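Fold and contact review
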Amino acid sequence: MDLFYRSTRSKGEAVSASQAILKGLADDGGLFVPETVPRLDKSLEELSQMTYQETAYEVMKLFLTDFTETELKDCINKAYDSKFDSEVIAPLVEADGAYYLELFHGATIAFKDMALSILPHLLITSAKKNQVKNDIVILTATSGDTGKAALAGFAGVAGTKIIVFYPKNGVSPIQEKQMVTQKGDNTFVVGITGNFDDAQTGVKQLFGDKELAGVMDKAGFQFSSANSINIGRLVPQVVYYVYSYAQLLKEGKVEKDEQINVVVPTGNFGNILAAYFAKNMGIPIAKLICASNENKVLYDFFETGVYDRNREFVLTSSPSMDILISSNLERLIYLTAGADADKNAAFMKSLSETGKYEITEDMKANMKDFYGNYASEQETAATIKSLYEQTGYVLDTHTAVAAAVCKKYVKETGDNHKTVIASTASPFKFTRSVMNAIDPKYDAMGDFALVDELSKIANVKVPRAIEEIRTAPVIHDTICDKEDMKSVVMKFLRI
Ligand SMILES: *Cc1c(COP(=O)(O)O)cnc(C)c1O
């Protein structure tokens, strides 16, 4: 049966999966949601015998119903290959009684690779299916991590080009080095003299530039975006929750139908929403534990039913979670309001006008599967240190927020379900914060010396992603003013 997608903000026309992937955002500014969350049509026993790629097919075929079997398997096989440094793609590691689901074995050693390695293939397949003849040009503004993951995903993919703008003095030296050494003649990286907001605003202007769109169309190009609200990023994230449960079953760590809890370090709410979809597909998940850092908008929301972004923005050691508007939460709001687009649209209007909204008691009751809490900077660092001292296992700062919240939850409730913690980045991506948490003496060391020291104390090989940038030549050295972004794009496209 075909599954269609609707906007969270109006009862407009339903679109196919491939159309939703191509459009990214609905015309009314809403997010696409499937009309129903499909149930798995294979048993958990059957799934437990499958590889990651086979599991990906079983999950994604139910969401992307207008893709043929060949198309979807082709996308999956191109995405989940030797770019990952683990054959099982997303290994589970047991430490101190919890199961860490390592989502950082891809090209840029963070969980965004799980979706961004397949999105380019889903996008060009969607373009073909909808008779789009133009090449797709991905335009992204980045504050660091997403830019590199998108570059790595799109590099060398025929029929696509990618242009990434980053604030020249607003990313870490390692992040910059990762981007400017990116190979692939369809990639283009530009530092702008301005901050992240300037880059973001410039990109939005280019997306809205009708004249530019006309010139590009004549030359055989059209823009698209790779941001985290695209369902082509959400659906691939459901896979690893299904896969991790099936692995626990296979290894005899859970009994048939035994429920587990899942803890997710959360920013934009995409990753934990994928876990919610996995639960609704039939995976026995009891609680979905939403872990925040000191930007604890979501914790306050689950406590009070009031979403309020009016507060100070805190820079933390888990920067990928430093977010005050979690865009994917809109999908949960819509679903728990009974798929009522008008009601959701009113909340979103209030959010954009006043920075806050309050959900109803009924909706709160519909969110009882979720639990929210947060970890302070101190608690996060203490968690890294104590887990390392007890077990030798080293967490990154984002995963440590989740581990700290997990401890708080168990202490508060006594709930003793087995727990899967989403491990969203390699500690090698945030080496300085991680090493300082273990011992402040490390702060005196240089970046790459710290990398080697981490490798030694954790007994883990330095990941290829880090090894490569030590010696890789700089390929991209364009710097421009924010006013010149358009001419830079036109020059790159030779139009
Ligand atoms: C993006 C990111 C997160 C947050 O994920 P969301 O889907 O935005 O909630 C957490 N940890 C790391 C390392 C990330 O890169």
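Residues numbered from 1 in each chain as written. Predicted model: local features only at pLDDT ≥ 70, side-chain atom pairs only at ≥ 80, totals over all residues. Heavy atoms only, no water.

1. Focus: the overall build of the protein chain
A tally of helices and strands in the protein chain yields 22 helices and 15 strands. For a compact globule of 495 residues, the expected C-alpha radius of gyration is about 23 Å, and the protein chain comes in at 22 Å, within 12% of that figure. For the C-alpha atoms alone, the extent of the protein chain along its principal axes is close to 60 × 55 × 50 Å. In the protein chain, buried positions account for 57% of the 495 residues. Accessible surface, the protein chain: about 20500 Å² in total, of which carbon and sulfur atoms supply 49%. Mean positive and mean negative side-chain charge positions of the protein chain (53 and 65 charges, respectively) differ by 2 Å. (Helix = DSSP H or I, 4+ residues; strand = E, 2+ residues; numbered from the N terminus. Rg over C-alpha atoms; globule rule 2.2 N^0.38 Å. Buried < 20%, exposed > 50% of the residue type's maximum accessible area, 1.4 Å probe, protein only. Areas by Shrake-Rupley, 256 points an atom, 1.4 Å probe, with all protein chains shown as cover. Lys, Arg positive; Asp, Glu negative; His and termini not counted. Charge placed at Lys NZ, Arg CZ, Asp CG, Glu CD.)

2. Looking at the sheet that holds strand β10 (residues 285–292)
Read across the sheet, six strands follow the order β3-β4-β14-β9-β10-β13 without closing on themselves; strand pairing throughout is mixed. Of all strands in the sheet, those with a lone pairing partner are β3 (92–95) and β13 (370–374), marking the two edges. On average, each strand axis in the sheet is inclined to that of its neighbour by 25 degrees, with strand direction left out of account. (Pairing = 2+ DSSP bridges. Axes fitted to C-alpha atoms, helices over the stretch in contact; angles between N-to-C directions.)

3. Describing the sheet that holds strand β6 (residues 160–167)
Spatially, five strands are ordered β8-β5-β6-β7-β15 in an open sheet, and the strand pairing comes out parallel. Each end of this open sheet is capped by a strand with a single partner; those strands are β8 (221–224) and β15 (478–481). Here the strands of the sheet are splayed against their neighbours by 30 degrees on average, with no regard to which way each runs. Of the strands in this sheet, β5 (135–141), β6 and β7 (187–193) are in contact with helix α7 (residues 145–154), which crosses β6 at around 165 degrees. Helix α10 (residues 210–219) rests against β5 and β8 of the sheet, and its axis sits at about 125 degrees to β8. (Contact = heavy atoms within 4.5 Å.)

4. Focus: the packing of α10 against helix α22 (residues 485–493)
At their nearest, the axes of α10 and α22 sit 12 Å apart, and the two run at 5 degrees to each other. Between α10 and α22, the angle is such that the two are roughly parallel. Two secondary-structure elements touch here, α10 through Glu211, Leu212, Val215 and Met216 and α22 through Lys486, Met490 and Leu493. Counted by class, the contact of α10 with α22 contains five nonpolar, no polar and two charged residues. (Parallel < 35°, antiparallel > 145°, perpendicular 65-115°, else oblique. Nonpolar A, V, L, I, M, F, W, Y, C, P; charged D, E, K, R; others polar.)

5. So, the side chain of Thr380
Residue position: Thr380 is located in helix α17 (residues 377–391). Residue class for Thr380 comes out buried when judged on its relative accessible area of 1%. A distance of 2.8 Å separates a polar atom in the side chain of Thr380 from the backbone oxygen of Ser376. The residues contacting Thr380, other than those within four sequence positions of it, are Ala375, Thr397, Ala400 and Val401. (Polar contact = N/O pair within 3.5 Å; in protein donor to acceptor, adjacent residues only side chain to side chain.)

6. As for the site of the ligand
In the region of the ligand, 14 residues are neighbours, and Lys112, Gly267, Asn268, Asn271 and Thr424 sit closest. Interatomic distance of 2.7 Å between a backbone N/O atom of Asn268 and an oxygen atom of the ligand. Gly270 places a polar main-chain atom, nitrogen or oxygen, 3.2 Å from an oxygen atom of the ligand. Expressed as a share of its isolated accessible area of 380 Å², the protein-covered part of the ligand is 96%. For the shell around the ligand, the per-class residue count stands at five nonpolar, eight polar and one charged. (Near = heavy atom within 4 Å.)

That's the geometry; what it means functionally is another story.
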